[in-house]
Amino acid sequence: RIALLFYGPCFSGKSALFDYIEALPNYESKGAMVGVAYCKRPEKIKEKEVFVDSYDIGSYNGNEEKKGFFIERCNLFIVVFDPTKENCISEIEDCLNKIKNRKNKDPFKIILCATKMDLINDDNKKILEDVENKFKDYKLYKLSKDSGEDIKKMYDEFINDSYEEIKDTLHGIDDLDVY
């Protein structure tokens, strides 16, 4: 099983992305424990059926222990940020550092996802350009509130593009009571 985490600061738009994925056909929502939403779905990857467990963790203060738990156990990370916020580069750096400094040495993959593209102005375009220049090692997706199918496309591409690199270490997150 693949464990995928939507990760980012408060009000970045990660829960809206997660909610879109969760509402698609064939996704089994497992409800939520306080601060964590979860859904799973079988995906066809390289002619194999692989379950993908997706998580969205609340970014409020006091939720650091839960965030750390999931960072240690997930294979894939969608780092979501809001390019209309001036401090988004430091927020991205913080997220990336927490992922890279995890104790789990299994392979993992990260992509970046800018949300709220329908709201950016000229100043925000400069910030987004700075993000693209600073984080060249990561694939960047740009989405807005009307992205719809592009959200699923991003999700599918990320899973399929990452599978070969992480397939030998897939164990998911078992015995997690998320009800």
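For the structure itself, look to the data block above.
A brief report on the enclosed structure follows. (Residues numbered from 1 in each chain as written. Predicted model: local features only at pLDDT ≥ 70, side-chain atom pairs only at ≥ 80, totals over all residues. Heavy atoms only, no water.)

### Thoughts on the overall build of the protein
Regarding its fold elements, the protein presents five helices and seven strands. Helices and strands appear in the protein in the N-to-C order β-α-β-β-β-α-β-α-β-α-β-α. Here the C-alpha atoms of the protein give a radius of gyration of 15 Å, agreeing with the 16 Å that 2.2 N^0.38 yields for 179 residues. Principal-axis analysis of the C-alpha atoms places the extent of the protein at approximately 45 × 35 × 30 Å. Counting over 179 residues, the protein shows a buried share of 48%. Within the protein, residue pairs in contact and separated by at least 24 positions form 72% of the contacts whose partners lie at least 6 positions apart. Distance between charge centres in the protein, computed from 29 positive and 36 negative side chains, equals 2 Å. (Helix = DSSP H or I, 4+ residues; strand = E, 2+ residues; numbered from the N terminus. Rg over C-alpha atoms; globule rule 2.2 N^0.38 Å. Buried < 20%, exposed > 50% of the residue type's maximum accessible area, 1.4 Å probe, protein only. Contact = heavy atoms within 4.5 Å. Lys, Arg positive; Asp, Glu negative; His and termini not counted. Charge placed at Lys NZ, Arg CZ, Asp CG, Glu CD.)

### Topic: the pairing of strand β5 (residues 76–81)
In terms of residue burial, β5 counts as a mostly covered element, since six of its six residues are buried. Burial of β5 is two-sided: the residues L76, I78 and V80 facing one way and the residues F77, V79 and F81 facing the other way are all buried. Two elements, strand β1 (residues 2–7) and β5, share four bridges in a ladder whose sense is parallel. In the sheet register, F6 faces β5, and the bridge partner there is I78. Relative to strand β6 (residues 109–114), β5 runs parallel, the two sharing six bridges. Among the inter-strand pairings, I78 is bridged to a residue of β6, identified as I111. Regarding the hand of the β-α-β motif, the stretch spanning β5, helix α3 (residues 88–100) and β6 is right-handed. (Pairing = 2+ DSSP bridges. Right-handed = clockwise from strand over helix to strand, strands pointing away.)

### What about the pairing of β1?
Within β1, six of the six residues are buried, which leaves the element mostly enclosed by the surrounding structure. The two faces of β1 match: I2, L4 and F6 on one face and A3, L5 and Y7 on the other face are all buried. Bridge count between β1 and strand β4 (residues 48–57): five bridges; the pairing is parallel. Looking at the pairing, F6 lines up with D56 of β4.

Geometry only, nothing functional implied.
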